[in-house]
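Structural features, examined
The lines below spell out each chain.
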Amino acid sequence: YDLVNFTPLSQSLTPWQVMRLLHRLWCITDLIVERSCFQTRSDDDDRDRPLPFKMDTIGDAYIVVQLLTNTDPSYMRDAIRDTLVMASRIAHQVREFSMLEVPAMLNIEPGLVKMRLGCACDQVMAGVIGFIQPRYHVYGR
């Protein structure tokens, strides 16, 4: 996800407030992603299916990836369901944060921090790029 109107919002805040906002948002999201990675599955679930994981944060964008190794439709459906459940939890927590914590933390109106969720499913290539500050990236269509 990324934040809606982040540039104008960040221009109205001090650098300390921007860092504090992003840190708190990333911590909220990290906890949800971490819980998703260690969730208990029922016996009929595919235990070999990789769970979603945090790949990167870039500016105001938080990127989660789920690599799939099987093209079976039920496998794909379950993987997409896992990711969408996690995204729904993130959206709920960010909305609560925006309404309850942000006004006191940044002295701005409730609900001003909004997120935009996106989801894409397709073939990708993943790997570490660069050597000065090598980063794991995923590229696809």
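Above this text is the structure in question.
Residues numbered from 1 in each chain as written. Predicted model: local features only at pLDDT ≥ 70, side-chain atom pairs only at ≥ 80, totals over all residues. Heavy atoms only, no water.

A few words on the overall build of the protein. Helix and strand counts for the protein come out as four helices and six strands. From first element to last, N terminus to C terminus, the protein shows the α and β order β-α-α-β-β-α-α-β-β-β. When each of the 141 residues of the protein is scored for burial, the buried share is 34%. Contacts in the protein between residues far apart in sequence, at least 24 positions, make up 53% of those at least 6 positions apart. Charge separation in the protein, taken as the distance between the mean sites of 15 positive and 17 negative side-chain charges, equals 4 Å. (Helix = DSSP H or I, 4+ residues; strand = E, 2+ residues; numbered from the N terminus. Buried < 20%, exposed > 50% of the residue type's maximum accessible area, 1.4 Å probe, protein only. Contact = heavy atoms within 4.5 Å. Lys, Arg positive; Asp, Glu negative; His and termini not counted. Charge placed at Lys NZ, Arg CZ, Asp CG, Glu CD.)

Core analysis: the largest hydrophobic core is formed by 25 residues, its most contacted members being Tyr1, Leu3, Leu21, Leu25, Ile90 and Val113. Within the residue set of this core, elements represented by two or more residues are helix H1 (6–11), helix H2 (15–37), helix H3 (73–100) and helix H4 (102–106). Broken down by element, this core gets its largest block of residues, eight residues, from H2. Beyond its immediate chain neighbours, meaning those up to four positions away, Leu3 contacts Leu22, Leu25, Asp60, Val113, Lys114, Met115 and Arg116. (Core = buried A, V, L, I, M, F, W, Y, C linked by side-chain atoms within 4.5 Å.)

Glancing now at the packing of aromatic side chains. According to the stated counting rule, one finds four aromatic pairs in the structure shown. Counting every residue linked through ring pairs, the aromatic cluster contains Tyr1, Trp26 and Tyr62. (Phe/Tyr/Trp six-rings, centres within 6.5 Å; stacked < 30°, edge-to-face > 60°.)

We now examine the pattern of salt bridges. Should the charged atoms of two oppositely charged side chains come close, the side chains can pair. Summed over the entire model, instances satisfying the criterion amount to seven salt bridges. In this structure, Arg24 and Glu101 form a salt bridge, with 3.0 Å as the shortest nitrogen-oxygen distance. Residue Arg24 is located in helix H2, and its partner Glu101 is located in the loop between H3 and H4; the two are separated by 77 residues in the primary sequence. Taking the relative accessible area as the measure of exposure, Arg24 reaches 30% and is therefore partly exposed. Residues Lys54 and Asp30 are paired through a salt bridge, measuring 2.9 Å at the closest nitrogen-oxygen approach. Of this pair, Lys54 sits in strand S2 (residues 53–58) while Asp30 sits in helix H2, and the two are 24 residues apart along the sequence. The exposure class assigned to Lys54 is partly exposed, which follows from its relative accessible area of 35%. Within this structure, Arg77, Asp78, Arg81 and Asp82 form a network of salt bridges that share partners. (Salt bridge = Lys/Arg side-chain N within 4 Å of Asp/Glu carboxyl O.)

Below, the discussion takes up H3. In this model, H3 (28 residues) spans 40 Å end to end at C-alpha, consistent with the 40 Å of a helix rising 1.5 Å per residue. All of the buried residues along H3 are Tyr75, Asp78, Ala79, Asp82, Thr83, Met86, Ala87, Ile90, Ala91, Val94, Phe97 and Ser98. (Expected span 1.5 Å × (residues − 1).)

As a further point, take unusual backbone geometry. The phi dihedral of Asn5 falls on the positive side, at around 55 degrees, and the residue is not glycine. Positionally, Asn5 belongs in the loop between strand S1 (2–3) and H1. Residue Asn5 is classed as exposed on the basis of its relative accessible area of 54%. Despite not being glycine, Asn107 shows a phi value in the positive range, around 60 degrees. Summarising the element assignment, Asn107 is placed in the loop between H4 and strand S4 (115–116). Overall, the relative accessible area of 72% leaves Asn107 in the exposed class.

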